[in-house]
Amino acid sequence: MTVDIDKTGPEDTPPTPKAGPEAIKAIPVRHYGRYVSAVVAIALFVAIVYAFSQGKINWGAVPEYFFDQRILDGVGQTLILTVLSMAIGIIGGILLAVMRLSKNPVTSSIAWFYIWFFRGTPVLVQLVVWFNLGLVFEYINLGPFYRDEWSDFMTPLLTALLGLGLNEAAYMAEICRAGLLSVDEGQTEASHALGMSHGKTLRRIVIPQAMRVIVPPTGNEVINMLKTTSLVSVVQFSELFRQAQDIGQTSGAPVEMYFLAAAWYLVLTSILSVGQYYLERYYARGSSRSLPPTPLQKIKATVFSVRRPKGVAA
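Residues numbered from 1 in each chain as written. Predicted model: local features only at pLDDT ≥ 70, side-chain atom pairs only at ≥ 80, totals over all residues. Heavy atoms only, no water.

Draft legend 1. Structural detail: the confidence of the model for the protein chain. Overall, the predicted model of the protein chain reaches an average pLDDT of 82, with 84% of residues at or above 70. Within the model, pLDDT remains below 50 along residues 309–314, and this stretch shows two contacts once partners closer than five positions in the same chain are excluded. (pLDDT = per-residue confidence, 0-100. Contact = heavy atoms within 4.5 Å.)

Below, the structure written as structure tokens:
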């Protein structure tokens, strides 16, 4: 009599699959405070716009004179003055920063005194002092090269350049000094070990790395300089604000011309802000693994993310 033996054991029986954990349903937290603050901000904005629309302001004068030739001439003078003043400020700032970091106590003390004096006095005061230095120096005498009365020598343009440029040099000196100090000393020591001179080390090693720290505040200084040029109207220089004032007095719409000047300053500073963004992005290449997206790339990413159908992976 044969007996069939069942050779299958518990180990040969496939295990029954266990039920997995339930999918967690994430419920986003509702931030009601954000909605309230957004509504309040929109309401305030609408109230301000309504108040200005109901004021006794001839808004039609703004577009009428926006591209007036005198206004355009003032915009050109403002841009020229900004570029030249910043050039003086940047060159002077670099020299003062190097002098400030010098081990020579005389040069470092001179740089410290210059920065202390020009940062400690208002720009408007400096402009007026330069314009009235004829009370101290009746003549400007450069020997056989040039000699003239101070009132003829110190033109409104020269007064504006000296007042704005020399004052800016004091601020740029501290910005440049901070940028130079941000570079590790080992970089300088390594370049000196390779036989590079101090000047060549600054040009080839230190300054290119320091630019990443110097560029952002310098961009802010350029934008601030553009707005500060409005102060030179007190020394009779015909820039944007001065031209707007003159048109306002002759047209009988002084307040409207102030709004026009503000609109032009907004346009110019917006253009400079875009340039600053791309310049910062350029110098960030060696420090960031991936460059920040440009405004155009952000717009494209937003548009494509909205158009992407549901269920398609990003």
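Moving on, there is more to tell.
Draft legend 2. Representation of the environment of Ile71 in the model. Along the chain, Ile71 turns up in helix α3 (residues 69–100). Spatially, the C-alpha atoms of Ile71 and Ala244 are 6.7 Å apart, while their sequence positions differ by 173 residues. When residues no more than four places from it in sequence are discounted, the contact partners of Ile71 are Tyr65, Phe66, Leu240, Gln243, Ala244, Ile247, Leu260 and Trp264. (Helix = DSSP H or I, 4+ residues; strand = E, 2+ residues; numbered from the N terminus.)

Draft legend 3. View of the pattern of salt bridges. For the coordinates displayed, the defined rule picks out three salt bridges. With a shortest N-O distance of 3.0 Å, Arg100 and Glu174 are connected by a salt bridge. Of this pair, Arg100 sits in helix α3 while Glu174 sits in helix α7 (residues 156–181), and the two are 74 residues apart along the sequence. For Arg100, a relative accessible area of 25% gives the class partly exposed. We note a salt bridge from Glu174 to Arg177, for which the minimum N-O separation is 3.0 Å. Of this pair, Glu174 and Arg177 are both found in helix α7, three residues apart, which corresponds to roughly one turn of the helix. Relative accessible area serves as the criterion here: at 18%, Glu174 is assigned to the buried category. A single salt-bridge network, built from bridges that share partners, covers Arg100, Glu174 and Arg177. (Salt bridge = Lys/Arg side-chain N within 4 Å of Asp/Glu carboxyl O. Buried < 20%, exposed > 50% of the residue type's maximum accessible area, 1.4 Å probe, protein only.)

Draft legend 4. Summary view of helix α5 (residues 123–131). By the burial criterion, the buried members of α5 are Val123, Gln126 and Leu127. What you see down the axis of α5 is that its buried residues fit within an arc of 100°, all on one side. Contacts made by the buried residues of α5 are with α4 (105–120), α7 and α9 (198–228). (Arc of directions from axis to C-beta.)

Draft legend 5. Molecular detail of unusual backbone geometry. The backbone phi angle of Gln236 is positive, close to 70°, even though this residue is not glycine. Relative to the helices and strands, Gln236 resides in the loop between α9 and α10 (240–251).

Draft legend 6. Region of the structure containing the nonpolar core. The biggest cluster of nonpolar side chains holds 21 residues, and the ones touching the most others in it are Leu81, Leu164, Leu180 and Val232. Among the elements of the structure, α3, α5, α7 and α9 are those that each provide at least two residues to this core. In terms of residue count, α7 provides more of this core than any other element does, seven residues in total. The residues contacting Leu180, other than those within four sequence positions of it, are Ala97, Leu101, Leu202, Val206, Ile207 and Ala210. Residues Ala244, Met257, Leu260 and Ala261 belong to the second largest nonpolar core, which totals 17 residues. (Core = buried A, V, L, I, M, F, W, Y, C linked by side-chain atoms within 4.5 Å.)

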